[in-house]
Amino acid sequence: MTSADILVIGGGIAGLSAAAALASHGQVAVLEAEEQIGFHSSGRSATMVHYALGDRLVRALTLAGRPFFDEPPEGFTDEALGRRMPVLVHAREDERPALDALDAEISQFANLERLDAAGVHALCPLLKDDSQHGIADLNATRLDPHALLQGNLRQLKSNGGELHTGARVAAVRRRSALWQVTTEQGDVHSAPLLVNAAGSWADAVAKLAGVAPLGLEPKRRTIITFDASPGTELDGLPFAKTVGDELYFAPESGRLFASPMDEVPSEPCDAQPDEYEVALAAYRMEERTIVKVSQIHSKWAGLRTFTPDRHPAVGFAPDAEGFFWLAGQGGFGLQTSPAMARIAATLIAGTPWPVPDVTAAELSPGRFLGQPA
Ligand SMILES: Cc1cc2nc3c(=O)[nH]c(=O)nc-3n(C[C@H](O)[C@H](O)[C@H](O)COP(=O)(O)OP(=O)(O)OC[C@H]3O[C@@H](n4cnc5c(N)ncnc54)[C@H](O)[C@@H]3O)c2cc1C
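What counts, and where the lines are drawn
Residues numbered from 1 in each chain as written. Predicted model: local features only at pLDDT ≥ 70, side-chain atom pairs only at ≥ 80, totals over all residues. Heavy atoms only, no water. Helix = DSSP H or I, 4+ residues; strand = E, 2+ residues; numbered from the N terminus. Rg over C-alpha atoms; globule rule 2.2 N^0.38 Å. Contact = heavy atoms within 4.5 Å. Lys, Arg positive; Asp, Glu negative; His and termini not counted. Charge placed at Lys NZ, Arg CZ, Asp CG, Glu CD. Pairing = 2+ DSSP bridges. Axes fitted to C-alpha atoms, helices over the stretch in contact; angles between N-to-C directions. Near = heavy atom within 4 Å. Polar contact = N/O pair within 3.5 Å; in protein donor to acceptor, adjacent residues only side chain to side chain. Areas by Shrake-Rupley, 256 points an atom, 1.4 Å probe, with all protein chains shown as cover. Buried < 20%, exposed > 50% of the residue type's maximum accessible area, 1.4 Å probe, protein only.

Asks: I'd like a rundown of the overall build of the protein chain, residues and numbers included.
Replies: Across its full length, the protein chain holds nine helices and 22 strands. Taken over C-alpha atoms, the radius of gyration comes to 21 Å for the protein chain, in line with the 21 Å a tight globule of 373 residues would show. Dimensions along the principal axes, computed over C-alpha positions, put the protein chain at roughly 65 × 40 × 40 Å. Long-range pairs, those at least 24 residues apart, make up 71% of the contacts in the protein chain between residues at least 6 apart in sequence. Here the protein chain carries 31 positive and 47 negative side-chain charges, and the mean point of each set is 2 Å from the other.

Have a look at this one:
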């Protein structure tokens, strides 16, 4: 049996970033079911930091993480956490009102350039002529998820924290003011504080502990990669997204990647791409661009897990002492991880509140359980 001050269940970006932020405040141990970190959602994302998803609260959390991505703390990583990649949101004539509305919302968070048809095609020559309008964030970032996960792990370990992989939590019970967690292998870990960062499985982990679930909904999203036509200039292409949730694509290691932005309800699982969404990605790519998707090079799917109001849940469970929720990061868990980790540290260790435009009540798990924050 091992003991710690804080046990974190989940070695994705949520669990590891919170563990790294907490490691200077106590002895932290992370329990990850898989043999490697980031095996599920955190290793399958589009890895962008941008403001075209979510709403005001998600954008505020994203903005609060920008300084961390631009200048990671001392000793966090030897590599850059990301590189500049412009984000272009484009629209046909009939989609212009939606683009105007998005422009008004995002302008509070990023310096946007408004583009006419010539500007849209100069930035992304692959789009068909009917993409007439655009907004561009030339200062957006494509993250390196490996560097981000490893940097958090390094920070955890340098502060004396531990990671246990291949440690799938099978039983959780509260005994004498301690959470006692037993893995499938029979190892037992205990701590007064338990952080539930189990991604799509967070409700299942809560149920193991006898804690009321939040009603989390995992939704599958698919990505394909494929070759562009020979001679296509990929350098400098943006992450290009339709103003509606139809399609995004971007350059990826000498090829292109694309997603039909699917949101298919799923059980928590090792998500696999479905042939329908794979075909839909190729179809929409050919519908909105001049690219022919003649051969798919690779495909994958991951789960984006949402709370009922699509805002993340971070805070103590109102119905169980020492049980802390860190869940519901939806499609923005990488880009909001610096802010979410610091908020977790604030609520657990009393550090200063890090995101001025967001309140603890807005993020409180209690809002789904009919309880005040
Ligand atoms: C296709 C796609 C595109 C995306 N694009 C972006 C993007 O551009 N930008 C962005 O910011 N976000 C993006 N996301 C969202 C982002 O990937 C997620 O929000 C984020 O990875 C969630 O992190 P997590 O740590 O909560 O979940 P996970 O990475 O799934 O980690 C949870 C971990 O908990 C572990 N676990 C579960 N149950 C147990 C147990 N009983 N015992 C021990 N361990 C357990 C799991 O094995 C898993 O490793 C995208 C996601 C997808 C799928």
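Moving on from the model shown.
Asks: Describe the sheet that holds strand 2 (residues 6-9), listing the residues and the values that go with them.
Replies: The strand order across the open sheet formed by six strands is 10-3-2-14-22-21, and the pairing between neighbours is mixed. The open sheet is flanked by strand 10 (162-164) and strand 21 (313-316), the only strands paired with a single partner. Within this sheet the neighbouring strands show an average axis-to-axis angle of 15°, counted without direction. Judged from the four bridges that link them, strand 2 and strand 3 (residues 28-31) form a sheet pairing that is parallel. Bridging from a neighbouring strand, Ile9 pairs with Leu31 of strand 3. Running at roughly 15° to strand 21, helix 8 (residues 337-349) makes contact with strand 2, strand 14 (193-196), strand 21 and strand 22 (323-327) of the sheet.

Asks: Describe the site of the ligand, listing the residues and the values that go with them.
Replies: For the ligand, the set of nearby residues contains 39 residues, the closest of which are Glu32, Ser42, Val169, Gly330 and Gln335. Between Ser41 and the ligand, the recorded distance is 3.2 Å, taken from a backbone N or O atom to an oxygen atom. Between Gly330 and the ligand, the recorded distance is 2.8 Å, taken from a backbone N or O atom to an oxygen atom. For the ligand, the protein covers 97% of the area, taking 1,000 Å² as the surface of the free molecule. Mapped onto the shell around the ligand, the elements with two or more residues apiece are helix 1 (13-22), strand 15 (217-226) and strand 20 (296-306). Here the shell around the ligand takes three residues from strand 20, the largest share from any one element.

Asks: Account for unusual backbone geometry, naming residues and giving values.
Replies: Non-glycine residue Thr47 carries a positive phi angle of around 60°. Turning to its location among the elements, Thr47 is positioned in the loop between strand 3 and strand 4 (48-49). One non-glycine residue with positive phi stands out, namely Ser176, at about 45°. Of note, Ser176 is situated in the loop between strand 11 (169-175) and strand 12 (178-183).

Asks: I'd love a proper account of the side chain of Thr336, names of residues and values included.
Replies: Its location among the elements puts Thr336 in the loop between strand 22 and helix 8. Residue classification places Thr336 among the buried positions, given a relative accessible area of 0%. Setting aside residues no more than four positions away along its own chain, Thr336 makes contact with Val58, Leu61 and Thr62.

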